[in-house]
Amino acid sequence: MEVPILKQGDYLIASIQGALADSDLTRLQENLVRTVRRHRSKGVVIDVTVLDVMDSFAARILRSITMMTRLMGAKVAIVGIQPEIAFSMVQLGLKLDGTMTSLDLEDGIAMLKAADKEDGFGNHGR
Amino acid sequence: MPLSSTHLPDKFLTLAEIMNISEQELEKRKEFLQFGPEDEERLRRLASHAEGYAEEVIESFYEHLLSIDEMKVFFADNDLLTRVKARQKAYFLRLTQGSYDIEYAEERLKIGATHERINLPVKFYLSMYSFYLRAVWKHIFETDKEHPDETMMTFFSLMKLIFLDISLTIDTYIDSREQTIKALQQEVIRELSTPVLPFREGMLLLPIIGQIDSPRARQLTEHLLMAIRANRAKVIVIDITGVATVDSRVANHLVQTVDAARLMGAKVVISGISPEIALTMVTLGIDLGPVYTVGDLQNGIEHAEKLLGYRVEKIGEAGAGNNGERM
């Protein structure tokens, strides 16, 4: 299942719509990095609200997306991790260290904006 | 109906061991009942007669049972009834076979546990014993009509043994009830002991009192995560003032809770680290990692307010209104 990537101002929103195969995840990773480059985005929100499983592969991809986009000067927020998933993830030791997480899409975008402001990127550019 | 091993809390222990019924305890019970070797001897002499009347007693016994509506449900099909009758016969015959030792007690406890498990009420159990005693009385009397005194003594011996059985059976009932109540109580205490309190918009307070073991840590984390979603919380203050000791296991649980909350976008402040706890933690080399910790709940809440962007200001001296009125 393809993950649509939407542009919203300076930010990209990747909204996962259903269960993903490993190949879908690697494709998402590639597409995201290219899209960040194309739109010179400042941040990416990945919405995982509908996911009811998070295995080690998915967690690894999410982490590597974070690191890749950081290398390109953008931030990533993972949003919508459900309580059950959060609980099983910490039990499996999948902590997503170094990534920003928040409750939902709205909070995620607010968090990215706040982080940009802290970095002093607030009103530069557009 | 054999007792399944899963029913036992520990399959390596016998029921008698679980319920603290030792050889001495059994001897004491016999002493109370004045059940001695002569009783055992009388019962053994009855054995051959028992073979003769067992069938008849059992038939009348079940005829009586099945005449009661509440009892019918326990013997829904004929197969079951046949099996239960066979067991009942073995049980009756065992009464006159001697060696009433710890193994005998174990058998009796198992029978009690089985009946408890199928929810047979004690009142029926007791009336069944009463029926049995009345039914065999006639037969025992007929074994030796020449010596009514002796047959009466034999009957009394049987009665003592039946009362020993009853005491064991009722103990299994009580023991099982106690365990059910204890389990329920612990459940309730656990539920009550981990409240998640909304403190301000976006802030939750989670005071922990008592020991943190794995099941509790799990339940606590689950509660917290649900509350984060329900309250859209951004900052959580976990207060561990009421936790007596923090060892590496407890620390590990705390770190897991903090990590899980972070995955849902909430920051966690742990408060209530007393000097003693700080001392032991450092001595034991326990590291809470990146978890933000403060000394007391006041500091914890102040820090949480700062994270959320609140500023609490004092707007006057306490009791200023009263002073004003007085002047």
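First things first, this report covers the structure right here in the doc. (Residues numbered from 1 in each chain as written. Chains lettered and ligands numbered in written order. Predicted model: local features only at pLDDT ≥ 70, side-chain atom pairs only at ≥ 80, totals over all residues.)

Describing the interface of chain A and chain B
Across the contact, 13 residues belong to chain A and 13 residues belong to chain B. Every element with two or more residues in the side of chain A that touches chain B is listed here: α3 (83-91) and β5 (100-102) of chain A. For the side of chain A that touches chain B, the element with the most residues is α3(A), which contributes 5 residues. Broken down by class, the residue content of the side of chain A that touches chain B amounts to 9 nonpolar, 2 polar and 2 charged. (Contact = placed C-beta atoms within 7 Å. Helix = DSSP H or I, 4+ residues; strand = E, 2+ residues; numbered from the N terminus. Nonpolar A, V, L, I, M, F, W, Y, C, P; charged D, E, K, R; others polar.)

Here we look at unusual backbone geometry
One non-glycine residue, A:Arg40, adopts positive backbone phi at about 50 degrees. You can see A:Arg40 is positioned in the loop between α1 (22-39) and β3 (43-47). Since 11 C-beta atoms lie within 10 Å of it, A:Arg40 is described here as exposed. Phi is positive for B:Asn119, which is not a glycine, with a value near 60 degrees. Take B:Asn119: it is sitting in the loop between α6 (102-117) and α7 (122-143). Residue class for B:Asn119 comes out exposed when judged on the 8 C-beta atoms lying within 10 Å of it. (Buried ≥ 20, exposed ≤ 12 C-beta atoms within 10 Å, placed from the backbone.)

Section: the nonpolar core
One finds A:Val44, A:Ala86, B:Ile236 and B:Ala261 to be the most contacted residues of the largest nonpolar core, which totals 69 residues. Among the elements that make up this core, the one with the highest residue count is helix α10 (residues 248-263) of chain B (7 residues). Ignoring sequence-local partners within four residues, the contact set of B:Ala261 consists of B:Leu224, B:Leu225, B:Ile228, B:Ile236, B:Ala266 and B:Val268. Membership of the second largest hydrophobic core comes to 23 residues, among which are B:Leu43, B:Leu46, B:Phe92 and B:Ala113. (Core = buried A, V, L, I, M, F, W, Y, C linked by C-beta atoms within 7 Å.)

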